[in-house]
Structures are given as structure tokens and as C-alpha cells.
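Next come the chains, spelled out residue by residue.
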Amino acid sequence: MSATLTFLGAARTVTGSKYLLDTGTAKVLIDGGLFQGLKELRERNWHDLPFRPADLDAVVLTHAHLDHCGYLPRLVAQGFSGRIFCTAGTKDLCNIVLPDAGRIQEEDAADANRNGYTKHAPALPLYGEADAFRALALLQPVGYERPLPVAAGVEVEFINAGHLLGSAYARVRTAGGTIVFGGDLGRYGRPVLPDPAPIAEADYLLVESTYGDRIHEPDDDGKRLAEVVSETAARGGKLIIPAFAIGRVEELIFWLKRLEEQKRIPVLPVFVDSPMAGEALARYTERLHELDDDLQPEQTDGKAPHDRAAHQPREQRRRQVKEERRLCAFCTERFRVIASAPESKQLTQSRMPAIVISSSGMATGGRVLHHLKAALPDSRCTVLFVGYQAEGTRGRRLVDGEKAVKIHGQMIPVNARIELLGSMSAHADAGEILRWLGGFTRPPKNTFIVHGEPLAMEALATRIERELHWQTRMPAYGEAITLEL
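The rules behind these values
Residues numbered from 1 in each chain as written. Predicted model: local features only at pLDDT ≥ 70, side-chain atom pairs only at ≥ 80, totals over all residues. Heavy atoms only, no water. Patch = residues over 30% accessible without salt bridge, like charges linked within 9 Å, V, L, I, M, F, W, Y side chains within 5 Å. Areas by Shrake-Rupley, 256 points an atom, 1.4 Å probe, with all protein chains shown as cover. Salt bridge = Lys/Arg side-chain N within 4 Å of Asp/Glu carboxyl O. Lys, Arg positive; Asp, Glu negative; His and termini not counted. Charge placed at Lys NZ, Arg CZ, Asp CG, Glu CD. Helix = DSSP H or I, 4+ residues; strand = E, 2+ residues; numbered from the N terminus. Buried < 20%, exposed > 50% of the residue type's maximum accessible area, 1.4 Å probe, protein only. Expected span 1.5 Å × (residues − 1). Pairing = 2+ DSSP bridges. Axes fitted to C-alpha atoms, helices over the stretch in contact; angles between N-to-C directions. Contact = heavy atoms within 4.5 Å.

Q: Account for a positive patch on the surface, with residues named and values stated.
A: Taken together, the side chains of Lys 39, Arg 42, Lys 119 and Lys 406 define a basic patch exposed on the protein surface. Residue placement: Lys 406 occurs in strand S17 (residues 404-407). Relative accessible area serves as the criterion here: at 48%, Lys 406 is assigned to the partly exposed category.

Printed below as a string of C-alpha cells:
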């Protein structure tokens, strides 16, 4: 049999993951992500899809980052009413991410209309919070490594990708063969998340290439982060860290906690100015059993429980100690989640040395923009980026050394120090991708290189062809390819 696979996103770019699999008897969309970054990419979010969403039999979701799930509310608004299959962890995070995305888009549109920095009359959100809740009602959680039929002749199995809580590869089986949709590939030997699980074979494979042309900085046991924190504190400035609220915040706090405990950084107030990140921390805490061994309650540092526990019955004391340790998995000594807008405003205006972690990770929107407006002109402050900065984003412009950036219609001078910490990425680098591919017992018929900028894709394709002798292909946006299954 044959099937058609159409690449509707993450094709020669990093964002907008969407792949339509048409077997002739079923139509299944794998991922429904937003395009981000360059204006020409973001405009694709407004384009009509080349199919009727109502005709889809199902959607399969690899994980809860917006470039993979953020289009789902618009898909539902356009008529899709089937089930969206994902892991339980992904469902938990989508419950946080999607309503927040709808609110932010509504707020940004209202702000643009109120302050006049829009060419549209009026500016409209791509979708709103109500659309997000309609999409959430369609999520169907599935456990890891539990094959499940999702449409006529199509079975899906989720395998842990080690990239994010709940993240997975989607192994799709049809009557004729197997396609593995790689989603985003995690890393080896990192804290918080387990290593990506191996896969033995597939007839066709989609693999990400975000860092396909580079190797991450070697793990320095937090040395560079400790230097940035200490140097900023010595200058009396704030450390502003734009970070993805889902995934990156957890690793950041893990390292800050460790560095504090080892007395390698001063104890500073650590503010997470993102209600969404605070909710995500709670979901990670609830699912410690899915995380790395370092975070398991029985693997904690053995600190004594509070004295009040000593006089309690043994079983009650054991439960209390376990709960305290569980809740402290991500807490530094002076840790606080900022919930309300007034509190966030007060924090923005405060001059005291502190670490402020706020989203979005590429500085494209959200509360971090207010912190950047206040901190960028101040030479005592540091802005630390800890993840991939897509072409066309404000984060990329800052990392590339621009001396002024536009925020909320104003040009803001850049006097603060700008730092990039590459070792904390949640995406596998070229070597780690090749390591994962090395677990295959036979080469796929074709390996599709996706989710990367062209130079990274080409570099990864060259390495795969040279080192593994596999056939590769870099699909173009909108390209439809026939798979012989």
C-alpha cells in the first residue's frame, strides 16, 4: 500500500510542526504547532490549511510546546471535532499552555489596538481562551508504549523522547509499515528528564535538526551559570532569564538550587514571573516518577525533616517527609512564583539584585518584555538566554548583538550584558542525534530531516549519509511525498 505525507510545518524551518498522513482510508495530523519567529513565518498561522479540518479522523500530539500544539485551538475553531491523542503529561501541560496562549494573544491584540502599534484595524487574536478550552476537551491521554488504534488502519504508540514532561515520539503503524515521527529529541545525561528511549526500526523516519550543525557546550557542572549569577550580583544588578515556561524553567531552578546548596552562588531571591511556569512546576512535581533519578524522593539529599515530624507516628512522619522533599524538588532558598499582574509590576520596578525567570524563551511576548524594558538600559543587569533563539525573534537579535530592540512600539537601548548558555538546551545536538539514530537495527527507507533551519538540516543530512549511509530528504513547506508501505 502507499500513503501520502504532507509537510505543513517545521519544513526547512524550526517551528510550526504539522504533518498530514493520508492513507487513503484515514487522515491523521501529527502535531498542530504554531509558526514563530520571522513575520513571513508567523503569517502562515493565518493561512487556510490545504484540507478541511473537519475531514481529519484524528490528531496525534508529540508534546506540549507551542510550536507543536499551539495551532490546535485554531484547528478546532475551523471545524475539527475528533480526538487529539497524547500522553498524560502532555495533556497536563496543554491544560496550562493553550489557555495561556489564547489569553496572551487576546491581550497583545488589545494592547496593540489601545496603543496604536498595529497596521490592522482592529488587530485580532489568532484565537482566544475559549477556543483553547474547546481544544482541551478533545485531548485523549494515552500511556507510554501502549499501542492504540486512532483511525481506520492506523495505530499509534508513544515512546518517551526525554525532551519535556510527557514528550514522545509517535510510532505510527499502518497495514503496510511503520513511520516514526520524532517530535523533538531530548538529550543524554541531563538533569530533570530521562534519556531519550531507543527505537530499533522504522520504514520511514522524521527527525528534528534544530542543532544539526553544532555540538552543545560541554556540561560544566553549572560553572558558567554560577559565574553569570555571581558577576551580576556583584554589580548589584538583576539577572533576567527569558525561559520557556514549560520545560526550561524546571532545569534552571534545578541548577540554581544545586549551586546554592554547594555555596557556589550567593543566595538571591529567585522569582518565577509566570503563572504558567508555576503551574508547570506543580505538574512536574506531581509526575516525579517520570523524571530523572536525581529527582526521585528516595534519591534526595537526606536532609532531616522539620522537628515537628519527630513526634508524629512513623507512617505519618514518613509521608510528611516525602511530601516536603517532593515539594522542595525545584525550590531554592528564597523562591517565589509571581502570580498577579500588580506583583509583576512591582518586581519590574524593583532595583534589588535578584534572579527573574520569565517567559517567553525567545522574548517574543509575555511578562519578560516588561522586565527587558527595565533591565536592558541598565549596565548592571544581565540578560541570559538559555535556549534556541529562532531567526527573526527578539531573543535572536539580542544574542546577535543589536544595540537597540523594539518592545511595545519603543526602541529600547541595550546596555545590559547579553549572555547565551548553550549547554542547557533541551534539544539534542548533532552528536546526540547520531547517537540515537545508532540504535536502529536497519536503516529506514528514507529519513526526513525536519524542524531545523536550512544550514542545520543540510549539515545533519550530510552526517547521516556519510556516517550511517542512510538516504535522507529535506522536505519543503507544503510538499507531499508518497510513502511505499
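That covers the picture; the talk isn't over yet.
Q: If you had to explain helix H8 (residues 275-286) to someone new, which residues and values would you point to?
A: In a regular helix each residue adds 1.5 Å, so 12 residues correspond to 16 Å; H8 covers 17 Å between its end C-alpha atoms and thus fits that length. Restricting attention to buried positions, one finds in H8 the residues Met 276, Ala 277, Gly 278, Ala 280, Leu 281, Arg 283, Tyr 284 and Thr 285.

Q: Provide a residue-level description of the pairing of strand S11 (residues 204-208), including the pertinent values.
A: Strand residues, when the strand is regular, have side chains that alternate between the two faces of the sheet. Summarising burial for S11: five of the five residues are buried, a large majority. Every second residue of S11 is oriented toward a common face, with Tyr 204, Leu 206 and Glu 208 on one face and Leu 205 and Val 207 on the other, all of them buried. Inspection of the sheet shows strand S10 (residues 178-181) paired to S11 by three bridges, in the parallel sense. Residue Phe 181 lies in a different strand from S11, and its bridge partner there is Leu 206. With five bridges connecting them, S11 and strand S20 (residues 446-450) associate as parallel partners.

Q: Lay out the sheet that holds strand S14 (residues 335-337) in plain terms, naming residues and giving numbers.
A: Read from one edge to the other, the open sheet built from six strands follows the order S14-S13-S15-S12-S16-S19, with strand pairing classed as parallel. In this open sheet, the two edge strands, each paired with only one partner strand, are S14 and strand S19 (417-420). Taken pair by pair, the neighbouring strands of this sheet meet at an average axis angle of 20 degrees, ignoring direction. Both strand S16 (residues 382-385) and S19 contribute to a ladder of four bridges, which runs parallel. When the sheet's bridge partners are listed, Phe 385 is paired in S19 with Leu 420. With respect to the sheet, helix H6 (residues 223-235) is in contact with strand S12 (239-242), strand S15 (355-358), S16 and S19, its orientation differing from that of S16 by roughly 165 degrees.

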